[in-house]
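# A structural walkthrough
One letter stands for each residue in the lines below.
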Amino acid sequence: MRDFKKYDIWQLSHSFTLEIYKMTSTFPKEELYGLTSQIRRASSSIPTNISEGCGRNSDKEFNQFLNIALGSANETEYLLILAKDLQYLNNEIAENQIEKINSIKSKIYKLKQILVKQ
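For the structure given in this document, a descriptive report is provided here. Note that the structure is a prediction, hence the values are computed from the model and not measured. (Residues numbered from 1 in each chain as written. Predicted model: local features only at pLDDT ≥ 70, side-chain atom pairs only at ≥ 80, totals over all residues. Heavy atoms only, no water.)

## Focus: helix 2 (residues 35–54)
- For helix 2, with 20 residues, the first-to-last C-alpha span of 29 Å sits near the 28 Å given by 1.5 Å per residue.
- Counting buried positions along helix 2 gives 14 out of 20 residues, so the element sits mostly inside the fold. (Helix = DSSP H or I, 4+ residues; strand = E, 2+ residues; numbered from the N terminus. Expected span 1.5 Å × (residues − 1). Buried < 20%, exposed > 50% of the residue type's maximum accessible area, 1.4 Å probe, protein only.)

Next up, the structure:
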């Protein structure tokens, strides 16, 4: 069994999720059950699925959970764009977070490639 806490990608995505929670605390209160909730769920789904995949018995199963994490990362990226366009985030903060999520996506993809080759 893999220890998810030892994976750099889990550590990065966990830290990213903590940032998302802090960042969205400034969103309008009317978004609490809308955009705020959705972006928090999408971002937290990334480390959650990495964690769950680490508990699986095979590389193939782990890879499937990485696919789900990658989908959540794409969803998070879109929601950051939406938050920026709605002017809930300034451009600098939004671009910084989009850069981070794209780095996470790249690292997930690289880990998937390693699993496929084994």
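## Things to note about unusual backbone geometry
- Positive phi is not limited to glycine here, since Q87 has a value of about 65 degrees.
- Looking at the secondary structure, you find Q87 in the loop between helix 3 (59–85) and helix 4 (91–117).

## Some words on the side chain of R40
- With respect to the element layout, R40 can be found in helix 2.
- One buried charged residue, R40, forms no salt bridge at all, with the nearest opposite charge on E31 at 11 Å.
- At 3.2 Å, the side chain of R40 forms a polar contact with the backbone oxygen of Y21. (Lys, Arg positive; Asp, Glu negative; His and termini not counted. Salt bridge = Lys/Arg side-chain N within 4 Å of Asp/Glu carboxyl O. Polar contact = N/O pair within 3.5 Å; in protein donor to acceptor, adjacent residues only side chain to side chain.)

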